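A look at the structure
Here's the letter readout for the chains.
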Amino acid sequence: MTAVFGTSLPAALLAAESGGHGGPAWAVYAVGAAMILTGALGVVLLRNPVHCALMLVITLFGVALEFIDESASFLAAVQIIVYAGAVVILFLFVIMFLGVDKPEAVRSEPTRLQRPLAVLLGIGALIEILVLSRVDHWASGTPSQSGVLNGSGTNVQKIGQSIFTGYLLPFEMTAALLLIAVVAAVVLSRRHHPVAGEMSAEQQQAALEESSK
Amino acid sequence: MTVPSAWYLILAAVLFTIGATGLLVRRNVLVMFMCIELMLNAVNLTFVTFARLLNDIGGQSDVFFVLVVAAAEVVVGLAIIVAMFRRRAAATADDIHTLRG
C-alpha cells in the first residue's frame, strides 16, 4: 500500500477501486489457482466418477474465488449456487441413480496410441493459445462497449442494467432454452408406458399387413 | 496492485487444456461431461478477466448466459445418458457404437 502514495492520484484511486492491496489479491489468486488445478487434474486422473464429481466441486469453488479476486462478486455467488449447488448435485444424482460408481477400467485402451495423442494434442493446444495471446492485432474491428465496469453503483446493479437493456432478447431466449431443456429432460428420461389401445411396432406392422391383403 | 490479467488468462488456458485433454482421454460419458464443464469454466474465467481488462460489463453479462446454457446442456446430456442406460447398461463412449456405419 505504501507504493500507492508514490503514484499519481488517479492511479491510486483506480487501485482502490479495483479492490487492490498487494498481498491479499495475490494470496487469493494463488489459493484459487491451486484449487482449480488440483480439482481439474483430479477430474481427469481419478478413476471413480464420484471422486471426479467431488474434484469438480473444488475446481468450481476455485473459479468462484478468482471471480471474487476480480471483483465479480455476483458471478461468484451465482457460480457457487448454480454449479456447486445444482450441476454437481445433478451429476452425483445420476451417478448414484445409475449405479456407475465403480472404477473405470483404465488399463483397457480401446484405440491404440489414443492417450499419448490426446496429451500431445492438449499440450499443442496450450502452446497455440499462449502464442496467439502473445501475437498482437490478430483481432480486427472496432471494439464495442456494452457498459462500464468501474463506474458508480454495485456489481449486481450494473449486470442487471446490462442484461435487462442491451441483452434483453438473449435473456428472453434463455428462458425459452430452459423450458425446452426441462421438457427434453422429462421426455428423454421418461419410461414408455403404452396407453390403452396403443399398439406396439410389431402389432402395427401386423395390422398393416392384415389390411393390405 | 492487483494481480495482472495475464496470470488469469494463463490459468484459464491451462484449465481449458486439462479439460480438453480429459475429454479425449476418458471413456466414461459422465466424466467426459465434467471435462466439458471444466472447459466452460475456463472460458468464463477468460470472460471475467477481459471484462476487468477492458472495463466492460459485457464480459460479466456473457458469463451469466454461459452459466444458463451450461445448466441446460447438463440437464439434457444427463437425460440422454439415463435414456441410454435404460437400453444398455454401459457408461463408456465405446459402448455407443450402434450408429457406426
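Residues numbered from 1 in each chain as written. Chains lettered and ligands numbered in written order. Predicted model: local features only at pLDDT ≥ 70, side-chain atom pairs only at ≥ 80, totals over all residues.

A closer look at the interface of chain A and chain B
With 69 residues of chain A at the interface, the matching set in chain B holds 60 residues. Those elements that place two or more of their residues in the side of chain A that touches chain B are α3 (22-45), α4 (49-69), α5 (73-98), α6 (114-134), α7 (155-165) and α8 (168-189) of chain A. If one sorts the elements of the side of chain A that touches chain B by residue count, α3 of chain A sits on top with 11 residues. Of the residues belonging to the side of chain A that touches chain B, the class tally is 50 nonpolar, 13 polar and 6 charged. (Contact = placed C-beta atoms within 7 Å. Helix = DSSP H or I, 4+ residues; strand = E, 2+ residues; numbered from the N terminus. Nonpolar A, V, L, I, M, F, W, Y, C, P; charged D, E, K, R; others polar.)

Notes on α4 of chain A
Residues and elements named next belong to chain A. The end-to-end C-alpha separation of α4 is 30 Å, in line with the 30 Å expected for 21 residues at 1.5 Å each. Of all 21 residues that make up α4, 15 are buried, and the element is covered over most of its length. Positive backbone phi, approximately 60°, marks Ser 71, located one or two places after α4. (Expected span 1.5 Å × (residues − 1). Buried ≥ 20, exposed ≤ 12 C-beta atoms within 10 Å, placed from the backbone.)

A look at the packing of α5 of chain A against helix α3 (residues 58-87) of chain B
With their axes 11 Å apart at the nearest point, α5 of chain A and α3 of chain B run at an angle of 5° to one another. Between α5 of chain A and α3 of chain B, the angle falls in the class roughly parallel. Between α5 of chain A, through Leu 75, Val 78, Val 82, Ala 86, Val 87, Leu 90, Val 94 and Leu 98 of chain A, and α3 of chain B, the contact on the second element is made entirely by Gln 60, Val 63, Leu 67, Ala 71, Val 74, Leu 78, Ile 81, Val 82 and Phe 85 of chain B. For the contact of α5 of chain A with α3 of chain B, the class distribution of residues is 16 nonpolar, 1 polar and no charged. (Axes fitted to C-alpha atoms, helices over the stretch in contact; angles between N-to-C directions. Parallel < 35°, antiparallel > 145°, perpendicular 65-115°, else oblique.)

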